[in-house]
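Here is what each chain is made of, one letter per residue.
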Amino acid sequence: MLEIKGLSKTFFAGTVNEVRALSAVDLQIEEGSFTAIIGTNGSGKSTLLNAIAGSFLPDQGRISVANEDITSWSEFRRAVLIGRVFQNPFAGTAADMSIAENIVMAMRRGLKRPLTTALNRKVKEEMAERVRTLKMGLEDRLDNPMGTLSGGQRQALTLLMATWLKPKLLLLDEHTAALDPKSAAKVAELTRQIIADDNLTAMMVTHSMQQAVELPDRVVMMHKGNIVEDYRHEQKKRLRIPDLLETFDRIQKRELFDETVADLLKKQYI
Amino acid sequence: MNLIIGAFTIGLILSLLSLGMLISFRMIRFTDITVDGSLTLGAAITAVLISSGWSPWLATTVAVAAGMLAGSVTGLLYTRFKIQEILSGILVMTALYSINLRIMGRSNIPLLDTKTVSAPAEQWLLSVNSGEASLFVAGWQVSVMDLSVLISSLIFCVLIGWLLLRFLLTHFGTVLRATGNNVQMVRAQGVNNNLMIVISLAISNGLVALSGAMLAQYQGFADVQMGIGMMVWGLASIIIGEALVGKTSLGVTIAGTVLGTILFRLLIAIALRWGLNPNDLKLVTAFFVFAALVAPQWFKSLHRKLSKSSNHA
């Protein structure tokens, strides 16, 4: 479904702030799988997701989704294939417009926008039916402005909108990180449910070890722009939170060791 | 009475300008100063074409097309060449000043005894009024010509307002409105947000040029200076409209903008009648817009202060 080959990206190349965000990343994701990407801050996990979504163009490498090479596609063109939920619960919806107007835009994600009236009673009834599955009572508030909803409600609706037309690939960028614990749990549960019901292919960046262990069927760990661990199948099933923490520790110690040794060598030879 | 009819007519004509600016200012939130140039552009083209014998309808259509072109240029400067939005507008507005002079060949073109788009209304009124050139409305003597322009402007205004409302409620119009609200979201829904900005500015400036075309036909001349300060006038009208009726729905917003423009024109007509120096008009307008923009914040902080002091007591 998703195929990434030799993907590299360096930000601020040639300056003192140069950051090697992705270095020759290879990743393949099968249809119908749900992959979590974890890693420390600055490990490149969000960069990887944004590269797939098309927020920037990579320096090297290729990305293809559903056998389409999308490497040079603009961000908006990729929406035909990709549904997205952002970390900021306000990023995925238009606050000044009604819930119904927001959803009607998602009902034509990546398609032509004709000059026909967008909303009528029939469309709204269809909407209400699907919004009811969120069990938040929002189906009776379709005409309310999106801005009057809580972060959790908006994130749940963004998730519903991203999957309204079945995307080839669903990208979730720490989509529960900015929510209170209760809403985060609710949105996580909705995520699991929607992905299972529609048999979606999904990638989720997360900081929550619990989510990484419970929700997906594959966990990829990134560090300094590289994939350093890849738990799948049986290995993933046995995976527990302490295992992940231990791996984090090991990676960080190795890095610390590397740097200390480098410093020692510098002192001795320079 | 003539004062009121005049204010209403100009108000209705300029409400096309305000409706155009409603798209740029309120829908896609683009501070578009092209308006000052495209209003004159519409007037200039109409005046030149009508005085060289074109049908007023055709001339007006060409004016609208030219306005749309001017708007798209501003949009392209902003989206394609990444020039700041204000500067994009200023560049096009400045260029239009020379272009307008080129089109007109001189700084002022009179339009006397020529056919205008209000000719059908005038003929109808004359036939109803058995050929008399003036008639009585509620005891006041009004010339058929003035009344026919008023009727035509009203028809134009209602028609354009209705079309605009229908347009903004379509699938296309919905994403257009969202572009000003949340660009990230619009892109994630597969919409080319840059294209939306160019199209919005084209429609916006098309309406402004239409307003200029009607204004030239009503006033009986086109002048290269007539667009100066029009953006601030349009903004003032939009603000008055929002204060009048609020922003509860799109239809209300559009109606409010038209009402706001008319009320603003009436206020100006009254102020001039009371002896306001016409030279001070733009200063007063600018001050009014400043006050309207600052007042809400000021009231809010005042309210906070008051509630704070009452808590302490």
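Predicted model, so just to flag it, every value in this text is computed and none were measured.

A. Layout of the overall build of chain A. In terms of helices and strands, chain A carries 9 helices and 10 strands. Expected size for 270 residues packed as a compact globule is a radius of gyration near 18 Å; at 21 Å, chain A falls within 12% of this value. Seen through its principal axes, chain A has C-alpha atoms that stretch 80 × 40 × 35 Å. For chain A, the share of sequence-separated contacts (at least 6 apart) that also reach a separation of at least 24 residues comes to 67%.

B. Here's a closer look at the interface of chain A and chain B. The interface is formed by 28 residues belonging to chain A together with 21 residues belonging to chain B. Counting each side, the surface lost to burial between chain A and chain B is near 2,200 Å², with a carbon and sulfur contribution of 60%. The largest per-residue losses of area from chain A upon contact with chain B belong to Phe76(A), Met105(A) and Arg113(A), which jointly make up 27% of the total buried on that side. Applying the counting criterion to the chain A and chain B interface returns 3 salt bridges. In this structure, Arg187(B) engages Glu75(A) in a salt bridge whose closest nitrogen and oxygen atoms are separated by 2.9 Å. The interface formed by chain A and chain B holds 15 residue pairs in polar contact (both at pLDDT 80 or more) in total. Among the secondary structure elements, those contributing two or more residues to the side of chain A that touches chain B are helix H2 (75–78) and helix H3 (99–106) of chain A. With 5 residues, H3(A) is the largest single contributor of residues to the side of chain A that touches chain B. Tallied by class, the residues present in the side of chain A that touches chain B amount to 15 nonpolar, 6 polar and 7 charged.

C. Quick peek at the sheet that holds strand S3 (residues 34–39) of chain A. All names here are of chain A. What the 6 strands build is an open sheet, ordered S6-S7-S8-S3-S9-S10; its pairing is mixed. Sheet topology places strand S6 (82–85) and strand S10 (226–232) at the edges, where each strand pairs with a single neighbour. Each adjacent strand pair in this sheet contributes to an overall mean axis angle of 20°, direction not counted. Of the pairings in the sheet, the one linking S3 to strand S9 (residues 218–223) comprises 5 bridges and is parallel in character. When the sheet's bridge partners are listed, Ile38 is paired in S9 with Met221. Lying on the sheet, helix H1 (residues 45–53) is in contact with S3, S6, strand S7 (169–173), strand S8 (202–205) and S9; it crosses S7 at an angle near 145°.

D. Local environment of the nonpolar core. Counting 137 residues, the largest nonpolar core has Ile103(A), Met127(A), Leu157(A), Leu244(A) and Leu176(B) as its most contacted members. Among the elements that take part in this core, helix H1 (residues 2–27) of chain B stands out by supplying 14 residues, more than any other. Dropping the residues within four chain positions of it, Ile103(A) is found in contact with Met127(A), Val131(A), Leu142(A), Leu157(A), Met161(A) and Trp164(A).

E. Fine view of the environment of Gly54(A). Residues and elements named next belong to chain A. Examined against the element boundaries, Gly54 turns out to sit in the loop between H1 and strand S4 (60–65). Residue Gly54 is classed as buried on the basis of its relative accessible area of 8%. Taking the C-alpha atoms as reference points, Gly54 and Glu129, 75 residues apart in sequence, are found 32 Å from one another. With residues near it in sequence (within four places) discarded, Gly54 still touches Glu75 and Arg78.

F. The arrangement of helix H3 (residues 56–79) of chain B in detail. The end-to-end C-alpha distance of H3(B) is 34 Å, a good match for the 34 Å that 24 residues give at a rise of 1.5 Å each. The residue sitting at the N-terminus of H3(B) and contributing the capping side-chain oxygen is Ser55(B); that oxygen lies 3.1 Å from the backbone nitrogen of Trp57(B).

G. Expanded view of the pattern of salt bridges. By the definition in use, this model includes 15 salt bridges over all chains. Two residues, Lys5(A) and Glu3(A), come together in a salt bridge whose shortest N-O distance is 3.1 Å. With its nearest N and O atoms 3.1 Å apart, the salt bridge here joins Arg232(A) to Glu30(A). In this pair, Arg232(A) sits in strand S10 while Glu30(A) sits in the loop between strand S2 (19–29) and S3, placing the two residues 202 residues apart along the sequence. Note on Arg232(A): relative accessible area 24%, which makes it partly exposed. According to the relative accessible area criterion, Glu30(A) is partly exposed, its value standing at 39%. When salt bridges with common partners are traced through the structure, they connect Glu75(A), Arg84(A) and Arg187(B) into a single cluster.

H. Structural context of the domain arrangement of chain A. All names here are of chain A. Partitioning chain A into structural domains gives domain 1 (2–239) and domain 2 (240–270). The straight-line distance from the C-alpha centre of domain 1 to that of domain 2 is 33 Å. The interface is formed by 17 residues belonging to domain 1 together with 12 residues belonging to domain 2. Taken together, both faces of the contact between domain 1 and domain 2 bury some 1,200 Å²; the carbon and sulfur share is 70%. If you sort the residues of domain 1 by the area they bury against domain 2, Met209, Met221 and Leu239 come out on top, with a joint share of 39%.

I. Representation of the confidence of the model for chain B within the structure. Residues and elements named next belong to chain B. Of all residues in chain B, 98% have pLDDT values of 70 or greater, and the mean over the chain is 90. When pLDDT is averaged over each element of chain B, H3 comes out on top at 97 and strand S2 (residues 134–137) at the bottom at 76. Across the predicted assembly, pTM comes out at 0.89 and ipTM at 0.87.

Reading the values: rules and limits
Residues numbered from 1 in each chain as written. Chains lettered and ligands numbered in written order. Predicted model: local features only at pLDDT ≥ 70, side-chain atom pairs only at ≥ 80, totals over all residues. Heavy atoms only, no water. Helix = DSSP H or I, 4+ residues; strand = E, 2+ residues; numbered from the N terminus. Rg over C-alpha atoms; globule rule 2.2 N^0.38 Å. Contact = heavy atoms within 4.5 Å. Buried area = accessible area lost by both parts, 1.4 Å probe. Salt bridge = Lys/Arg side-chain N within 4 Å of Asp/Glu carboxyl O. Polar contact = N/O pair within 3.5 Å; in protein donor to acceptor, adjacent residues only side chain to side chain. Nonpolar A, V, L, I, M, F, W, Y, C, P; charged D, E, K, R; others polar. Pairing = 2+ DSSP bridges. Axes fitted to C-alpha atoms, helices over the stretch in contact; angles between N-to-C directions. Core = buried A, V, L, I, M, F, W, Y, C linked by side-chain atoms within 4.5 Å. Buried < 20%, exposed > 50% of the residue type's maximum accessible area, 1.4 Å probe, protein only. Expected span 1.5 Å × (residues − 1). Domains from an automatic or database assignment. pLDDT = per-residue confidence, 0-100.

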